[in-house]
Amino acid sequence: MALLRASGRHADRDFNLDAVIRGDPGSDVPHGGALLAFADAVLGRDDAALGLARDAVRLAVGDAGLSDAAAVIGGFDGITRIADATGIPMEPDKVVLTADFFGALDIGRFRREKA
């Protein structure tokens, strides 16, 4: 999300980060509803939903856009899993930069308590 916020500033745009959690298809991200549904389907277990979401993204942004979207989803999912599995803490400056939207989106509810 920090990257989306930074790229939005670079493009002089302000994206609605609530869309990440709430699935708001009215966000400012072009084709955001289709892309969000695709990300959810990729990380889900419903092959039929994945096929429909993939087709919707392909229709909205073409084959190259679909490929880019899949690569971004895979990259973020992989990076997060590696960081979580190895216990890598977030850098202190990133904690400060992300505190406002982590709080607004209640990201902490996804953390597991250490045994």
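Residues numbered from 1 in each chain as written. Predicted model: local features only at pLDDT ≥ 70, side-chain atom pairs only at ≥ 80, totals over all residues. Heavy atoms only, no water.

Draft legend 1. Molecular detail of the packing of helix H3 (residues 32–43) against helix H4 (residues 47–86). Packing of H3 against H4 leaves a shortest axis separation of 8 Å and a crossing angle of 60 degrees. The handedness of the crossing between H3 and H4 is right-handed. Contacts between H3 and H4 involve Ala34, Leu35, Ala37, Phe38, Ala39, Ala41, Val42 and Leu43 from the first element and Ala49, Leu50, Ala53, Arg54, Ala56, Val57, Leu66, Ala69, Ala70, Ile73 and Asp77 from the second. Of the residues belonging to the contact of H3 with H4, the class tally is 17 nonpolar, no polar and two charged. (Axes fitted to C-alpha atoms, helices over the stretch in contact; angles between N-to-C directions. Helix = DSSP H or I, 4+ residues; strand = E, 2+ residues; numbered from the N terminus. Left-handed = near helix turned anticlockwise from the far one by under 90°. Contact = heavy atoms within 4.5 Å. Nonpolar A, V, L, I, M, F, W, Y, C, P; charged D, E, K, R; others polar.)

Draft legend 2. Fine view of the environment of leucine 66. Of note, leucine 66 is situated in helix H4. Here the alpha-carbon distance between leucine 66 and alanine 56, two residues 10 residues apart in the chain, equals 9.3 Å. Leaving out residues up to four positions away in the same chain, leucine 66 has contacts with Phe38, Arg54, Val57, Arg58 and Val61.

Draft legend 3. Here's a closer look at the environment of aspartate 46. Residue position: aspartate 46 is located in the loop between H3 and H4. Taking relative accessible area as the criterion, aspartate 46 reaches 44% and is therefore assigned partly exposed. In terms of polar contacts, aspartate 46 uses its side chain to reach the backbone amide nitrogen of alanine 48, at 3.0 Å. (Buried < 20%, exposed > 50% of the residue type's maximum accessible area, 1.4 Å probe, protein only. Polar contact = N/O pair within 3.5 Å; in protein donor to acceptor, adjacent residues only side chain to side chain.)

Draft legend 4. Representation of the environment of leucine 50. Here leucine 50 is to be found in helix H4. Put simply, leucine 50 and alanine 39 are 11 residues apart on the chain and 8.9 Å apart in space, counted from C-alpha to C-alpha. Sequence-distant contacts of leucine 50, that is, excluding residues within four places in its chain, are made with Phe38, Ala41 and Val42.

Draft legend 5. Structural view of the confidence of the model for the protein. Residues with a pLDDT of 70 or more make up 70% of the protein, whose mean pLDDT is 79. Mean pLDDT values for the elements of the protein range from 57 in helix H1 (residues 2–10) up to 92 in H4. (pLDDT = per-residue confidence, 0-100.)

Draft legend 6. Seen up close, the pattern of salt bridges. Taken as a whole and judged by the stated rule, the model has three salt bridges. We note a salt bridge from aspartate 63 to arginine 58, for which the minimum N-O separation is 2.7 Å. We note a salt bridge from arginine 81 to aspartate 77, for which the minimum N-O separation is 2.9 Å. Placement of the pair is arginine 81 and aspartate 77 together in helix H4, with a separation of four residues, close to one helical turn. Ionic contacts of the salt-bridge type, sharing partners, join the residues Asp55, Arg58 and Asp63 into one network. (Salt bridge = Lys/Arg side-chain N within 4 Å of Asp/Glu carboxyl O.)

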